[in-house]
Amino acid sequence: MVDNSTTPASRHASGTDGQSPRDSAPLVELVDVNKHFGDLHVLKDINLEVRRGEVVVIIGPSGSGKSTLCRTINRLETIDSGTIRVDGKVLPQEGKELARLRADVGMVFQSFNLFAHRSVLDNVTLGPVKARGIKKTDAEKQALALLERVGVQNQAQKLPAALSGGQQQRVAIARSLAMSPKVMLFDEPTSALDPEMINEVLDVMVALAKDGMTMIVVTHEMGFARRAADRVVFMADGQIAEEADPETFFTAPRTDRARDFLSKILTH
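Residues numbered from 1 in each chain as written. Predicted model: local features only at pLDDT ≥ 70, side-chain atom pairs only at ≥ 80, totals over all residues. Heavy atoms only, no water.

J.: Go over unusual backbone geometry with me, naming the residues and quoting the values.
T.: With a phi close to 65°, Arg75 is a non-glycine residue in the positive phi region. By secondary structure assignment, the location of Arg75 is in the loop between helix H2 (66-72) and strand E4 (81-86). In this structure, Asn113 is a non-glycine residue whose phi angle is positive, near 55°. Summarising the element assignment, Asn113 is placed in the loop between strand E6 (105-108) and helix H4 (120-132). (Helix = DSSP H or I, 4+ residues; strand = E, 2+ residues; numbered from the N terminus.)

J.: Give me the lowdown on the packing of aromatic side chains, citing residues and values where you can.
T.: Applying the stated criterion across every chain yields a total of three aromatic pairs. When the centroid spacing of 5.9 Å and the interplanar angle of 35° are considered together, the rings of Phe234 and Phe249 count as tilted. You can see Phe234 sitting in strand E9 (residues 231-236) and its partner Phe249 sitting in helix H9 (residues 246-251), a full 15 residues away along the chain. The pair Phe234 / Phe249 is uniform in exposure class, with both members buried. Linked through ring pairs, Phe234, Phe249, Phe250 and Phe261 together constitute an aromatic cluster. (Phe/Tyr/Trp six-rings, centres within 6.5 Å; stacked < 30°, edge-to-face > 60°. Buried < 20%, exposed > 50% of the residue type's maximum accessible area, 1.4 Å probe, protein only.)

J.: Which residues make up the environment of Gln239, and what values do they have?
T.: Structurally, the position occupied by Gln239 is in strand E10 (residues 239-244). Taking the relative accessible area as the measure of exposure, Gln239 reaches 40% and is therefore partly exposed. Counting along the chain gives 77 residues from Gln239 to Ala162, while the straight-line C-alpha distance between them is 41 Å. When neighbours within four sequence positions are excluded, Gln239 is seen to be in contact with Lys44, Ile46, Ser64 and Phe234. (Contact = heavy atoms within 4.5 Å.)

J.: Account for the UniProt feature "domain: ABC transporter" (unreviewed entry) in the chain, with residues named and values stated.
T.: As recorded in UniProt, the sites labelled "domain: ABC transporter" (unreviewed entry) are residues 28-262. The span residues 28-262 is 40% helix and 26% strand, and its two end C-alpha atoms sit 27 Å from each other. (UniProt positions renumbered as here; feature names shortened; annotations may be inferred.)

J.: Quick rundown of the packing of H4 against helix H5 (residues 136-149)? Include the residues and the values.
T.: Look at H4 against H5: their axes get within 9 Å of each other, and the N-to-C directions meet at 125°. The angle between the axes of H4 and H5 places the two elements in the oblique class. Of the two possible hands of crossing, H4 and H5 adopt the one that is right-handed. When H4 is examined against H5, the residues Val120, Leu121, Val124, Thr125, Pro128 and Val129 are found in contact with a partner set consisting of Lys136, Ala139, Glu140, Gln142, Ala143, Leu144 and Leu147. Classifying every residue of the contact of H4 with H5 gives nine nonpolar, two polar and two charged. (Axes fitted to C-alpha atoms, helices over the stretch in contact; angles between N-to-C directions. Parallel < 35°, antiparallel > 145°, perpendicular 65-115°, else oblique. Left-handed = near helix turned anticlockwise from the far one by under 90°. Nonpolar A, V, L, I, M, F, W, Y, C, P; charged D, E, K, R; others polar.)

J.: I'd like a description of the packing of helix H6 (residues 165-177) against helix H7 (residues 195-210), backed by residues and values.
T.: The interhelical angle for the contact between H6 and H7, taken along N-to-C directions, is 20°, at an axis separation of 8 Å. On the basis of their axis angle, the class for H6 and H7 is roughly parallel. Like other packed secondary-structure pairs, H6 and H7 cross with a definite hand, here right-handed. Where H6 approaches H7, its residues Gly165, Gly166, Gln167, Gln169, Arg170, Ile173 and Leu177 are matched on the opposing element by Met197, Glu200, Val201, Val204, Met205 and Leu208.

Next up, the structure:
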């Protein structure tokens, strides 16, 4: 079980370098980012910085641009204007440089996107072997350790279809971790899961946060936002309407839009 009593502040206070993530240069930086789908302006002048080791949770109503924002950070969605930097480097347009950047930016989707015809172990080892040039024996050793970390080590030889949805999503997290990413993106990672499977995935994510993984998480799980986030970013109508630490956001939101959103989701 994950110790959920650890707060973001205590997590970073116990870091090896003694620095808050806000003391360092941003690991992910979006400057004046705009994105259209046809006539629909889905991202409007987005400015956001995420520091190394920081956990930023993005919330907001459906259609507010949350998932699109998440997907622009590894260029699964292109942008029309603005700049995105990861670890100080401008996001490449295409080619080998983009492939290298994507190896540094892990992504966990709503759907698990596992290779159905390959074993769980193969799913986790394929990226390190193909993209990082790691020996297969070393990749398998690392993969087994990661599968143990996310609690599915006994499923290594099975095909994904033999696993529950929660188990498949934990394998997807292990697969991303196998690439040793600098930052992990989570796009509504529990939205496709049955209710009883949600906590087993969130517990893994909380553990990652405690370990200092830089994370950008789009989610409807307000409990996770309260428990693991350093900062909550609230989006509405394609814009960042408000951002604050979880305690401030959930107890004293500044904008009417955020107050209305919270009143609807926290009373059900």
